[in-house]
Amino acid sequence: MTISPREFLRRFLLHVLPAGFVKIRHFGLFGARQVPTALAHARRLLAGAAPRTTPPPPTPRDWRTLLRRLTGVDLARCPRCAHGTMLCHPLPSGAPVYAPP
């Protein structure tokens, strides 16, 4: 199964507990009664699983392309009208540099 990075993070964060909480495993694969039977059965099933046949999508070489793919935000588009393309121009060498206060 292939899922988007956003969906993977959503599913992963469902398992993260808040600070101070402790996970107690009384049931499921890691429950005391299930470890000898269900865990061994799950491992047998996973050992027979077919390897992934389709190669993963190529990772973009540019971080802007990755940001556009993951979030849909295109940094080259004008944030006001979303139609024009923003151009990057270097500052002139004599331009004053303002630092935040």
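Use the structure listed above.
Residues numbered from 1 in each chain as written. Predicted model: local features only at pLDDT ≥ 70, side-chain atom pairs only at ≥ 80, totals over all residues. Heavy atoms only, no water.

Participant: Would you mind going over the overall build of the chain with me for this structure?
Facilitator: Helix and strand counts for the chain stand at three helices and zero strands. Secondary structure of the chain in N-to-C order comes out as α-α-α. Taking 13 Å as the expected radius of gyration for a compact globule of 101 residues, we find that the chain reaches 24 Å, considerably beyond that expectation. With respect to the principal axes defined by its C-alpha atoms, the chain has extents near 75 × 40 × 25 Å. A total of 101 residues make up the chain; the buried ones form 3% of that total. (Helix = DSSP H or I, 4+ residues; strand = E, 2+ residues; numbered from the N terminus. Rg over C-alpha atoms; globule rule 2.2 N^0.38 Å. Buried < 20%, exposed > 50% of the residue type's maximum accessible area, 1.4 Å probe, protein only.)

Participant: Looking at this structure, how should I read the packing of aromatic side chains?
Facilitator: Both the distance between ring centres and the angle between the ring planes are used here to describe each pair of aromatic rings. Summed over the entire model, instances satisfying the criterion amount to one aromatic pair. Aromatic side chains Phe8 and Phe12 sit 6.2 Å apart centroid to centroid with 20° between the ring planes, which places their arrangement in the stacked category. Note that Phe8 and Phe12 are positioned in helix α1 (residues 5-13) at a spacing of four residues, about one turn of the helix. Given a relative accessible area of 48%, Phe8 falls into the partly exposed group. (Phe/Tyr/Trp six-rings, centres within 6.5 Å; stacked < 30°, edge-to-face > 60°.)

Participant: Is there a simple way to think about the pattern of salt bridges in this case?
Facilitator: Two side chains bearing opposite charge may form a pair once their charged atoms approach each other closely. Summed over all chains, the structure comprises five salt bridges. Across the salt bridge formed by Glu7 and Arg11, the nearest N and O atoms sit 2.8 Å from each other. Residue Glu7 and its partner Arg11 are both found in helix α1; the two are separated by four residues, about one turn of the helix. Residue classification places Glu7 among the partly exposed residues on the basis of a relative accessible area of 22%. Arg11 sits in the partly exposed class, given a relative accessible area of 35%. Several salt bridges share partner residues, and in doing so they unite Glu7, Arg10 and Arg11 into one network. (Salt bridge = Lys/Arg side-chain N within 4 Å of Asp/Glu carboxyl O.)

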